[in-house]
Amino acid sequence: MSDPQIPRHVAVVMDGNGRWAKARLLPRFMGHKQGMDTLVAAIGEFARRGVEYLTVFAFSSENWKRPSDEVSGLMSLVLIGVQKYLEKLHRDGVRVRVVGDRAAISQHLRDAWDHAEQLTAGNRRINLSVAFNYGGRWDMLQACRKALAEGIPPEALDEDTLSRRLSLSYAPDPDLIIRTGGEMRLSNFLLWQAAYAELYFTDSLWPDFDGAQIDKALAAYANRDRRYGGVIEDLAQTG
Ligand code: FPP
């Protein structure tokens, strides 16, 4: 059995790239570039500690509102990143999946994601899900639309039916959601799946989120009492 002190599924809002760059008088793009390197290192660190699923918020449905040069910079960074890192991730046993609305992204990027998913489909060391053009509300809506299109009657629509149509249906719900960069909100990330997740917020900016920071987050998780709306057994017996 897996160690209950270690979360099976960790999800991360990688915030703070822009501020990291600004503090060094660099363009925001350099923060995202450093953020990509940090992500590749973090995948290995989480895998080494026994985390089975890692889901990262790389581009939200709302990120299109950013200046167009930042959006196009992020898109090319991802294309370059897939070329630069995919072989390494594959060798390291990382299975890559991309969740989000693919309709609005370029054909180049769609092809890159398809290739990454196909190449790594047999890998088992850690499951990486990249949330790209993703929003929790979008995900719930697309799941409802799927159920309606399949002709599922309203009285048959239950939590399980909906969960199976969400884009992360292959993964257990996240046990731990980490947000770097000091803000304390979910920003439309995994709204359905976050129901019982432990939340961990840190002021550390994403490009600085290294192995020591990961240990701190996992230690905080190990100290939480997870009750899922119930009571802790020993407390119930003694109290
Ligand atoms: C938030 O920082 C970060 C993003 C919107 C992009 C995250 C992307 C990466 C880390 C690159 C990796 C990409 C892929 C596809 C794997 P921010 O710009 O909001 O920072 P700020 O709050 O300091 O301005």
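Draft legend 1. Representation of the overall build of the protein in the model. On a plain count of helices and strands, the protein comes out with eight helices and six strands. Listing each helix as α and each strand as β along the protein from the N terminus yields β-α-α-β-α-β-α-β-α-α-β-β-α-α. The globule rule puts the C-alpha radius of gyration for 239 residues at 18 Å, and the 19 Å found for the protein is close to it. When the backbone C-alpha atoms are referred to their principal axes, the protein occupies close to 55 × 50 × 35 Å. By the burial criterion, 46% of the 239 residues in the protein qualify as buried. A sequence separation of at least 24 residues applies to 76% of the contacts in the protein between residues at least 6 apart.

Draft legend 2. Representation of the pattern of salt bridges within the structure. Following the criterion strictly, the structure yields 17 salt bridges and no others. A salt bridge links Arg48 to Glu45, with the shortest nitrogen-to-oxygen separation between them at 3.3 Å. With a gap of three residues between them, Arg48 and Glu45 both fall in helix H2 (residues 28-48), about one helical turn apart. We classify Arg48 as exposed; its relative accessible area is 57%. Measuring nitrogen to oxygen at the nearest pair gives 2.7 Å for the salt bridge that ties Glu117 to Arg102. Of this pair, Glu117 sits in helix H4 (residues 107-119) while Arg102 sits in the loop between strand E3 (94-99) and H4, and the two are 15 residues apart along the sequence.

Draft legend 3. Up close: the site of the ligand. Not every one of the 15 residues close to the ligand is listed here, only the nearest: Asp15, Gly18, Arg19, Arg28 and Arg66. A distance of 3.3 Å separates an oxygen atom of the ligand from a polar backbone atom of Gly16. Contacts to the ligand include Asn17, whose backbone N or O atom sits 3.2 Å from an oxygen atom. In the complex, 90% of the free accessible area of the ligand, which totals 630 Å², lies under the protein chains. Listed by contribution, the elements that provide at least two residues to the shell around the ligand are helix H1 (17-23) and H2. Taken together, the residues that form the shell around the ligand break down as five nonpolar, six polar and four charged.

Draft legend 4. Region of interest: the pairing of strand E4 (residues 126-134). Counting buried residues along E4, nine of its nine residues qualify, which places the element largely inside the surrounding structure. Examined bridge by bridge, strand E2 (residues 53-60) and E4 share seven bridges and lie parallel to one another. Residue pairing in the sheet places Thr55 in a bridge with Ser129 of E4. Looking at chain direction, E3 and E4 are connected through six bridges and run parallel. Opposite Val94, over in E4, you have Ile126 as the bridge partner.

Draft legend 5. A look at the nonpolar core. With 44 residues, the main nonpolar core has Phe46, Leu54, Trp113, Phe132 and Ile178 as its most contacted residues. Among the elements that take part in this core, helix H3 (residues 68-91) stands out by supplying nine residues, more than any other. Ignoring anything within four residues of it in the chain, the contact list for Trp113 reads Val78, Val82, Val98, Arg102, Ile105, Val130 and Phe132. If you look at the next biggest cluster of nonpolar residues, it comprises 12 residues, including Ala131, Leu168, Ile177 and Ala194.

Draft legend 6. Representation of H4. Taking 1.5 Å as the rise per residue, H4 with 13 residues should run 18 Å; its terminal C-alpha atoms sit 18 Å apart, in good agreement. Every buried residue of H4 is listed here: Leu109, Ala112, Trp113 and Ala116. Axial view of H4: buried residues confined to an arc of 95°, hence all on one face. For H4, the secondary structure elements touched by its buried residues are H3, E3 and E4.

Draft legend 7. Focus on unusual backbone geometry. Here Asn188, not a glycine, exhibits a phi torsion of approximately 70°, which is positive. Within the secondary structure layout, Asn188 lies in the loop between strand E5 (176-179) and strand E6 (198-201). The backbone phi angle of Leu190 is positive, close to 40°, even though this residue is not glycine. Using a relative accessible area of 0% as the deciding quantity, one classes Leu190 as buried.

Draft legend 8. Molecular detail of the packing of aromatic side chains. Enumeration according to the criterion identifies nine aromatic pairs in this entry. Geometrically, the ring pair formed by Trp206 and Phe209 is stacked, given 5.4 Å between the ring centres and 25° between the ring planes. We classify Phe209 as buried; its relative accessible area is 3%. Above the ring of Tyr170, the side-chain terminus of Arg97 is found at 3.7 Å from the ring centroid.

About the cut-offs
- Residues numbered from 1 in each chain as written.
- Predicted model: local features only at pLDDT ≥ 70, side-chain atom pairs only at ≥ 80, totals over all residues.
- Heavy atoms only, no water.
- Helix = DSSP H or I, 4+ residues; strand = E, 2+ residues; numbered from the N terminus.
- Rg over C-alpha atoms; globule rule 2.2 N^0.38 Å.
- Buried < 20%, exposed > 50% of the residue type's maximum accessible area, 1.4 Å probe, protein only.
- Contact = heavy atoms within 4.5 Å.
- Salt bridge = Lys/Arg side-chain N within 4 Å of Asp/Glu carboxyl O.
- Near = heavy atom within 4 Å.
- Polar contact = N/O pair within 3.5 Å; in protein donor to acceptor, adjacent residues only side chain to side chain.
- Areas by Shrake-Rupley, 256 points an atom, 1.4 Å probe, with all protein chains shown as cover.
- Nonpolar A, V, L, I, M, F, W, Y, C, P; charged D, E, K, R; others polar.
- Pairing = 2+ DSSP bridges.
- Core = buried A, V, L, I, M, F, W, Y, C linked by side-chain atoms within 4.5 Å.
- Expected span 1.5 Å × (residues − 1).
- Arc of directions from axis to C-beta.
- Phe/Tyr/Trp six-rings, centres within 6.5 Å; stacked < 30°, edge-to-face > 60°.
- Lys NZ or Arg CZ within 6 Å of the ring centre and 35° of its normal.

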